[in-house]
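Below, each chain spelled out in residue letters.
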Amino acid sequence: MKRFLFLTAMAAFLFSVDSYSQTEDLFNGKDLSNWNFVVDGDKAPAENVFSVQDGVILIHGNPFGYMYTKKKYKDYVLELEWSWVDEATNSGIFLTIAATEAGNPFPNGIECQLKAGLAGDFVLLGGSDMEEYVAPAEGRPKFSVIKKREVSNEKPVGEWNKAKIEVKDGKITAYINGVLQNQGTNKVKEGHIGLQSEGGPVQFRNLKLTGL
């Protein structure tokens, strides 16, 4: 009986470790069936803004909006690559999205900025907050920012950049092309993950999520 209980406990432990550290591809390379979409003011069908071409995600940039995972996640490492199509423009990775609203392109969540020259900034969207943020004396702006730590280390148009972002117990750590660019603590510890449409065409590929 004791041996049975021991083996049962070990099996449960091994299963929990395996499931806790599993890796998930957020993009299957074929379609966007595991994503939902928000377009600013519902100005265009989502398929006109978010699509798959040649095995990569293409986001057109206009109208503003974002695509987000159908599931919520907590305690993970997110790795992905992005590349500008015609010119360096604007986009972002949304993290810990607490809630979504049809037609509202800025949910409650933390954006890891990908805007050219600013990749790695944290933008506090929709009333979200981080412990490290200090509001200026003149008052908190609508889009509060925690600046990245290092100079811009992004690659030229047409080349692939890599973001690696760890979310652990609300603490967000962002690496851009291997360089630690930002770190902050969010009171919201889980939520959807999103990719932003804002400004111009951008491509994404190799979206991998690993549990912590």
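**Observations concerning the overall build of the protein chain**
Helix and strand counts for the protein chain come out as one helix and 16 strands. Relative to a compact globule of 212 residues, whose C-alpha radius of gyration would be 17 Å, the protein chain shows 18 Å and is just as compact. Considering the protein chain as a whole, with its 212 residues, one finds that 43% of them fall into the buried category. A separation of at least 24 residues holds for 68% of the contacts in the protein chain among residues at least 6 apart in sequence. Looking at the protein chain as shown, the accessible area adds up to about 10,700 Å², and 52% of this sits on carbon and sulfur atoms. Taking the average location of the 23 positive side-chain charges in the protein chain and that of its 27 negative ones, the two points are 7 Å from each other.

**Some thoughts on the layout of surface pockets**
Of the voids in this model, the second largest pocket is the one considered here, and its volume is about 160 Å³. Lining the second largest pocket are 14 residues, and of these E111, Q113, V123, F143 and V145 sit closest to its centre. When residues of the lining of the second largest pocket are traced back to their parent elements, those giving at least two are β9 (108–113) and β10 (122–125). Tallied by class, the residues present in the lining of the second largest pocket amount to six nonpolar, three polar and five charged.

Criteria and thresholds
Residues numbered from 1 in each chain as written. Predicted model: local features only at pLDDT ≥ 70, side-chain atom pairs only at ≥ 80, totals over all residues. Heavy atoms only, no water. Helix = DSSP H or I, 4+ residues; strand = E, 2+ residues; numbered from the N terminus. Rg over C-alpha atoms; globule rule 2.2 N^0.38 Å. Buried < 20%, exposed > 50% of the residue type's maximum accessible area, 1.4 Å probe, protein only. Contact = heavy atoms within 4.5 Å. Areas by Shrake-Rupley, 256 points an atom, 1.4 Å probe, with all protein chains shown as cover. Lys, Arg positive; Asp, Glu negative; His and termini not counted. Charge placed at Lys NZ, Arg CZ, Asp CG, Glu CD. 1 Å grid on protein atoms, 1.4 Å probe; cavity = no way out; pocket = protein on both sides within 12 Å on 5 of 7 lines; lining within 4 Å. Points joined across faces, edges and corners; volume = space filled by probe spheres on them. Nonpolar A, V, L, I, M, F, W, Y, C, P; charged D, E, K, R; others polar.

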